[in-house]
Amino acid sequence: MNLKDLYIDFFVSKGHKQIPSAPVVPENDPSVLFNTAGMQPLIPYLMGQEHPYGKRLCDYQKCIRTIDLDAVGDTTHHTFFEMLGNWSLGDYFKDESIAWSYEFLTDCLKIPVNRLAFTVFAGNGDIPFDEVSYNKWLSLGIKKERIAKTVDDNFWIAGDIGPCGGDTEIFYWRSEEEVPDKFDPKDERWVEIWNNVFMQYNKDQDGKITELPKKNVDTGMGVERTTAILEGVNDNYLSSIWKDVIDLICEISNLPYEGNELSMRIIADHLRTAVFIAADPAGIKPSNTDQGYILRRLIRRAIRHAKRLNIDINSNWDELIAKKLLNKYKEYYKELEYNYDLVLDVLKNEKIKFNRTLEKGLKVFEKTVKNNANIDADAAFHLYDTYGFPIELTVELATERGLKVDTKGFEQKFKEHQALSRTASAGKFKGGLAGNGEIETKYHTATHLLNAALKLVVGPDVHQKGSNITSERMRFDFSCDHKLTDEEKQKTEQLVNQWITDGLDVTVKQMPKEEAIKSGAECMFIEKYPDIVTVYSIGDISKELLGVFKIKKEEASSAGVRRIKAILK
Ligand code: SER
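Rules used throughout
- Starting from 1, residues in each chain are numbered consecutively following that chain's sequence as written.
- Restriction of local features to residues with pLDDT of at least 70 applies here, the model being predicted, together with a cutoff of 80 or more for giving and counting side-chain atom pairs; totals for whole chains, interfaces and linings are based on all residues.
- Calculated side-chain values reflect all of the structure's heavy atoms, with hydrogen atoms and water omitted.
- Where helices and strands are cited, they refer to DSSP runs of H or I of at least four residues and of E of at least two residues respectively, numbered from the N terminus.
- Only protein chains enter the area calculation, which uses a 1.4 Å probe; residues under 20% of their type maximum are buried, those over 50% are exposed, and those in between are partly exposed.
- Any two residues having at least one pair of non-hydrogen atoms within 4.5 Å are treated as being in contact.
- The Shrake-Rupley method, run with a 1.4 Å probe, gives the accessible areas here. Residue values count only the displayed protein chains as cover.
- The criterion for strand pairing is that DSSP finds at least two bridges linking the strands in question.
- We call a crossover right-handed when, viewed with the strands running away from us, the connection from the first strand over the helix to the second turns clockwise.
- Only a single heavy atom is needed: when it lies within 4 Å of a molecule or strand, its residue is near that molecule or strand.
- Two N or O atoms form a polar contact when they lie within 3.5 Å of each other; inside protein one atom must be a possible hydrogen donor and the other a possible acceptor, and for residues adjacent in sequence the pair counts only when both atoms belong to side chains.
- The aromatic pairing rule takes the rings of Phe, Tyr and Trp, using the six-membered ring of Trp, and pairs them if the centres are within 6.5 Å, calling planes under 30 degrees apart stacked, those over 60 edge-to-face and the rest tilted.
- Nonpolar core, defined: a set of buried Ala, Val, Leu, Ile, Met, Phe, Trp, Tyr and Cys residues in which side-chain atoms within 4.5 Å join the residues together.
- A fitted line through C-alpha atoms represents every axis, and for helices the fit uses only the stretch in contact; the resulting angles, taken between N-to-C directions, go from 0 to 180 degrees.
- An angle below 35 degrees is treated as roughly parallel, one above 145 as roughly antiparallel, one from 65 to 115 as roughly perpendicular, and anything else as oblique.
- By the definition used in this description, the sense in which the near helix is turned from the far one sets the handedness, with an anticlockwise turn below a right angle giving left-handed and a clockwise turn giving right-handed.
- Residue count minus one, scaled by 1.5 Å, sets the expected span of a helix.
- The arc in question is the one spanned by the directions pointing from the helix axis to the C-beta atoms.
- When a carboxyl oxygen of Asp or Glu lies within 4 Å of a side-chain nitrogen of Lys or Arg, that pair is called a salt bridge.
- The classification used treats Ala, Val, Leu, Ile, Met, Phe, Trp, Tyr, Cys and Pro as nonpolar, Asp, Glu, Lys and Arg as charged, and all other residues, Gly among them, as polar.

**Student:** Looking at this structure, how should I read the overall build of the protein?
**Tutor:** Scanning the protein from N- to C-terminus turns up 17 helices and 16 strands. Within the protein, the fraction of its 569 residues that count as buried is 52%. Sequence-distant contacts, at least 24 apart, represent 70% of the contacts inside the protein between residues at least 6 apart. Only carbon and sulfur atoms are counted for the fraction: they give 48% of the accessible area of the protein, which is about 26,800 Å².

Below you can see the structure in the form of structure tokens.
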């Protein structure tokens, strides 16, 4: 059995409910591009909201961290990774959490206790030393020398604000050398494998720390790292998670892994992340902003490294690798199955686009650096803007020649450019701020009618992405992977107008199936939680009639997002 299954089985046996992995693109948190930790989709519940699955949860969550993008290529960094997690939402606390972590590692995974060490929070001004965790480890038979009290690494928060708390981290001795008696957290041969965070605080915008309504546990264990450790390899890419992908790259390039590690790891890592971004229900497509830009950078960097391995980039090398990844993961993540062809299309189209400018861009690059000149901001921006060279590609090419790129100047230009495009699109809608008048209120009602109608007509994957109301019209952005057909537009209009005529206010809400059945609600099933359903509630429009709803325009807003402009006549 593999690590994910062992983990879930273990925590289910301890009364946890398995929750499905949330999409990689956060659904309700525009402040981050991707989920970076297993706890991120659970923030509202850690803050006190009741989770429909109860108080003990476990899962494997898809995570993407792009902060270390440049570090990918070494033995341990990945942009995409899976995080195993178990949570107590105001249920058990330190005692059980620590005991179960210990039991899972030593009983289920059979890791020798002698290879383990632990850190606990030493305390600072606001928060005291975590004596409970310290004593718990001692009570399990851990020697004092193997428990370090530290401050810096033993307080966990995702970013700057939100639920947080002291933690106890578990380390594994990843070295052939004899395990030292005393644990030195600074010795890099000790690698962290699990983090148990005791989330009992919230940090607000002013840096103020207050107690959360409930004491929670949030733990996280990286699948890639732990698998490599269990399999006794020092390079993650040699573990069973990557081995078949690396073997395939060797076969395609006709080159050995040894001596070509950097490019092979980058191709494997970047294509895996690209597959997961492209398959996400958010419908991300390569673009020049946000998640789309990350997707573009990953694909283009993988292409460039394929070129370095002398792979014929016009062949179907990327499709072969993507298929291997899709087949490998689709058992665990259903969207890879549903969006199998879509992912392959995304990769293919982006490759075609990049291939058109890659050769020319490389020539321009060569010309720019002819006399060993460093690359200034203008040249870097030109390569980006005209030849589609993501900045790190230019930096990578320059670094190979020992040259520098003015990345700061580039960022400045990039920002100016973005600001310009934003102003241009904002200008299209003067006075776009929502007002509070009667007509705006009507448009507001029309917005949820439209949302509910689209979900029914187009499908449950439609999610509202934004809206904007003026006294003259409404604008509604929603996730959708295709241009609406005339029939879809017509049906949507009809449904909204039917509701308006019947004086009905239809809203969409999600709740557990049992609750929905109890309340007798009519419901439609959605994929995210198999036993969470989407419920359409019907209320009355108490105000006067809204008028006739008419879709004036349906167009692309950004990748995977469509925009409807509509009026009430
Ligand atoms: N949130 C903690 C982490 O990401 C534990 O899950 O390390």
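Having seen it, we continue.
**Student:** For this particular structure, what's the right way to read the pairing of strand β5 (residues 147-150)?
**Tutor:** Looking along a regular strand, one sees the side chains alternate between the two faces of the sheet. Bridge analysis of strand β4 (residues 116-121) against β5 gives four bridges, and the strand direction is parallel. In the sheet register, F121 faces β5, and the bridge partner there is T150. Between the parallel elements β4 and β5, the chain passes through helix α4 (residues 131-139) in a crossover that is right-handed.

**Student:** Just checking my understanding: could you explain the site of the ligand for this structure?
**Tutor:** For the ligand, the full set of nearby residues is A37, M39, M83, W156, N195, V197, D218, T219 and G220. Backbone polar atom of G220 to an oxygen atom of the ligand: 3.1 Å apart, as the coordinates give it. For the ligand, whose free accessible area comes to 230 Å², the fraction covered by protein is 94%. Elements that contribute at least two residues to the shell around the ligand include exactly β8 (190-203) and β9 (209-222).

**Student:** Would you mind going over the packing of aromatic side chains with me for this structure?
**Tutor:** Where two aromatic rings form a pair, the distance of their centres and the angle of their planes describe that pair. Summed over the entire model, instances satisfying the criterion amount to 31 aromatic pairs. A centroid spacing of 5.9 Å and a plane angle of 80° characterise the contact between F104 and W194, whose relative ring orientation is edge-to-face. Taken together, the residues span a long stretch of sequence, with F104 in helix α3 (residues 94-108) and W194 in strand β8 at a distance of 90 residues. Arranged with centres 6.1 Å apart and planes meeting at 65°, the rings of F354 and F389 form a pair that is edge-to-face.

**Student:** Sorry if this is basic, but what is going on with the nonpolar core here?
**Tutor:** Counting residues in hydrophobic clusters, the biggest one holds 109 residues, and the most contacted among them are L105, W137, W194, W317, I321 and F389. A total of 11 residues in this core trace back to one element, the largest contributor, which is helix α7 (residues 261-279). Contacts of W137, omitting those with residues within four sequence positions, involve I98, Y102, F118, V120, I142, I147, T168 and I170.

**Student:** Even after reading the chapter, I still don't get unusual backbone geometry, so can you show me in this structure?
**Tutor:** Phi is mostly negative for residues that are not glycine, and the peptide bonds are mostly trans. With a phi angle near 60°, N254 is a residue other than glycine that sits in the positive phi range. Within the secondary structure, N254 is located in the loop between α6 (243-253) and α7.

**Student:** Is there a simple way to explain the packing of α7 against helix α11 (residues 340-368) in this structure?
**Tutor:** Each pair of packed helices gets described by two things: the angle between the helix axes and the distance between those axes. Contact geometry for α7 and α11: axes closest at 9 Å, N-to-C directions at 120°. Classified by the angle between their axes, α7 and α11 sit oblique to one another. Like other packed secondary-structure pairs, α7 and α11 cross with a definite hand, here right-handed. Counting all contacts with α7, which are made through L271, A274, V275, A278 and A279, the residues of α11 involved are L342, V343, V346 and L347.

**Student:** Explain helix α16 (residues 486-502) here, please?
**Tutor:** Residue pairs spaced three or four apart in an α-helix point in one direction, given the helix's 3.6 residues per turn. Compared with the 24 Å implied by 1.5 Å per residue over 17 residues, the 24 Å span of α16 between its first and last C-alpha is a close match. Inspection of α16 places E488, T492, E493, V496, N497, W499 and I500 among the buried residues, and these make up the whole buried set. When α16 is viewed along its axis, its buried side chains cluster within an angular range of 160° and face the same direction. Pointing more than 90 degrees away from the buried face of α16 are the exposed residues D486 and T501. Backbone geometry just after α16 places G503 at a positive phi near 70°.

**Student:** Would you mind showing me how to read the sheet that holds strand β15 (residues 549-558) here?
**Tutor:** Strands belonging to one sheet form pairs held by backbone hydrogen bonds; the direction of such a pair is parallel or antiparallel. The strand order across the open sheet formed by four strands is β10-β11-β16-β15, and the pairing between neighbours is antiparallel. Two strands bound the open sheet, and with one partner strand each, they are β10 (464-469) and β15. This sheet shows a mean twist of 20° between the axes of neighbouring strands, independent of strand direction. The pairing of β15 with strand β16 (residues 561-568) spans eight bridges and is antiparallel.

**Student:** Hey, could you run me through α6 in this one?
**Tutor:** Every buried residue of α6 is listed here: V245, I246, L248, I249, C250 and S253. Among the structural elements, α7 and α9 (317-329) are those in contact with the buried residues of α6. Among the residues trailing α6, N254 stands out with phi positive, at a value near 60°.

**Student:** What should I look at first to understand the pattern of salt bridges in this one?
**Tutor:** All told, the structure shown has 32 salt bridges when counted by the stated rule. Among the salt bridges present, the one from D187 reaches R189, with a minimum N-O distance of 2.9 Å. Of the charged contacts in the structure, one is a salt bridge between E487 and K491, with a shortest N-O distance of 3.6 Å. Of the two residues, E487 and K491 are both situated in helix α16; the distance of four residues between them amounts to about one turn of the helix. Each of R301, R304, R308, E396 and E400 takes part in salt bridges that share partners, so that together they form one network.

**Student:** Could you clarify how one ought to interpret the side chain of E335 in this entry?
**Tutor:** Here E335 lies in helix α10 (residues 334-338). In contact with E335, other than residues within four places in its own chain, are K62, A279 and Y340.

**Student:** Would you mind going over the pairing of strand β2 (residues 56-64) with me for this structure?
**Tutor:** The buried fraction of β2 is high, at eight of nine residues. Examined bridge by bridge, strand β1 (residues 17-18) and β2 share two bridges and lie parallel to one another. Residue pairing for β2: Q18 is matched across the bridge by C58. Both β2 and strand β3 (residues 80-89) contribute to a ladder of nine bridges, which runs antiparallel. Considered in β3, the bridge of I64 is made with F80.

**Student:** I'm lost on the packing of α6 against α7 in this one. Help?
**Tutor:** The interhelical angle for the contact between α6 and α7, taken along N-to-C directions, is 120°, at an axis separation of 10 Å. Compared by their axis directions, α6 and α7 come out oblique. Between α6 and α7 the crossing geometry is right-handed. Contacts between α6 and α7 involve V245, I246, I249, C250 and S253 on the former and, on the latter, M264, R265, I267 and A268. Tallied by class, the residues present in the contact of α6 with α7 amount to seven nonpolar, one polar and one charged.

Function cannot be read off these values alone, since they describe shape.
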